[in-house]
Structures are given as structure tokens and as C-alpha cells.
Amino acid sequence: MSVKDPAIVYLKYEANELVLSDNEGHHSEKGKQKDFTTYVAPNGKIAWEIADKSIKEIVDIQIDTNKEMFKKLPHEKKGIWEAKIDNKRSQHSKYSVVFIPSGEKESITVDPKIEIRP
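For clarity, every value in this text was computed on a predicted model and none was experimentally measured. (Residues numbered from 1 in each chain as written. Predicted model: local features only at pLDDT ≥ 70, side-chain atom pairs only at ≥ 80, totals over all residues. Heavy atoms only, no water.)

Trainee: Sorry, what's going on with the sheet that holds strand β1 (residues 7-14) here?
Mentor: Within a sheet, neighbouring strands are paired by backbone hydrogen bonds and run either parallel or antiparallel to one another. Read across the open sheet, the five strands follow the order β2-β1-β4-β7-β6; overall the sheet is mixed. Both outer strands of the open sheet, β2 (17-22) and β6 (70-77), are each paired with one neighbouring strand and no more. Pairs of neighbouring strands in the sheet enclose a mean axial angle of 20°, with direction left out of account. Alignment of β1 against β2, held across six bridges, turns out to be antiparallel. (Pairing = 2+ DSSP bridges. Helix = DSSP H or I, 4+ residues; strand = E, 2+ residues; numbered from the N terminus. Axes fitted to C-alpha atoms, helices over the stretch in contact; angles between N-to-C directions.)

Trainee: What is the right way to read unusual backbone geometry from this model?
Mentor: Apart from glycine, the bulk of residues carry a negative phi angle, and the bulk of peptide bonds sit in the trans form. The step from D5 to P6 runs through a cis peptide bond, and the omega angle for that step is 5°. Mapped onto the fold, P6 is located in the segment before β1. A positive phi is found at N16, a non-glycine position, where the angle reads about 60°. Looking at where N16 falls in the secondary structure, it is placed in the loop between β1 and β2. With a relative accessible area of 69%, N16 lands in the exposed category. Although it is not a glycine, K78 sits at a positive phi angle of roughly 55°. Mapped onto the fold, K78 is located in the loop between β6 and β7 (80-85). (Buried < 20%, exposed > 50% of the residue type's maximum accessible area, 1.4 Å probe, protein only.)

Trainee: Just checking my understanding: could you explain the pattern of salt bridges for this structure?
Mentor: It is possible for side chains of opposite charge to pair when their charged atoms get near one another. In this structure the tally under the stated criterion is three salt bridges. Here K12 ties to E14 by a salt bridge, and the two come within 3.2 Å at their closest N and O atoms. Looking at K12, the relative accessible area reads 27%, which means it is partly exposed. Residue classification places E14 among the partly exposed residues on the basis of a relative accessible area of 39%. Ionic pairing is found between E17 and K30, a salt bridge with its closest N-O pair at 3.9 Å. (Salt bridge = Lys/Arg side-chain N within 4 Å of Asp/Glu carboxyl O.)

In short, shape yes, function no, at least from these values alone.
Shown next as C-alpha cells:
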């Protein structure tokens, strides 16, 4: 099974909860954002984008495990966060996305996953 490159993760905030989806058609289940996995291609890219006005900004994306899976760690570029994946196969990583919902001042952190799939 091949995956789209770049992989794009869309973020929105509904009913006090982060809702994640991706350009492969996957969606996070209510209360299970930590189980949401985005599949990426070896030597591919991943991007995180705000899906609507429910999120004011993405403050940071931090790689929590397996940083060696990345050629380039997540960084912000013109309002979109992106990272470059290494050419290794069958690896996964946990990360933290820190964001501020619209109308709020405090940031929220959620910890989904990334997995390489050739």
C-alpha cells in the first residue's frame, strides 16, 4: 500500500477536542487523538495545516520518539509546519502538536503518531 507524498495532517478544534484528519482520508476518533497515525513515504514529506478558523495557530511540533526517522525536523514555513522523512523503512514516531484554539490564550498539546510505509 503506497501513501500520498506529501502526507498532510489537518487540525481543527471541535467541542473542546482536537480533531485530526489527513489527505489519505483518515480521521481521529473522539477521545483517541493519541492513537491517530499518519502514514508517510520513505524520503517523503509531512505537513501540518490548520483546517479552519477553530485554531488560532500551531505553536510547535515536537518529535517525542525516534528523531532519527527525520532528515529535517518539523519547522514552520509560511504558516505551515513541515518535516522531511528519512529513507528508512517501517519506523514510527510519536510527536506532540502544540496549538492555541481560536479565542483562547493557553496552548493545548496532543500526541499523535507518524509511521513510514513504503
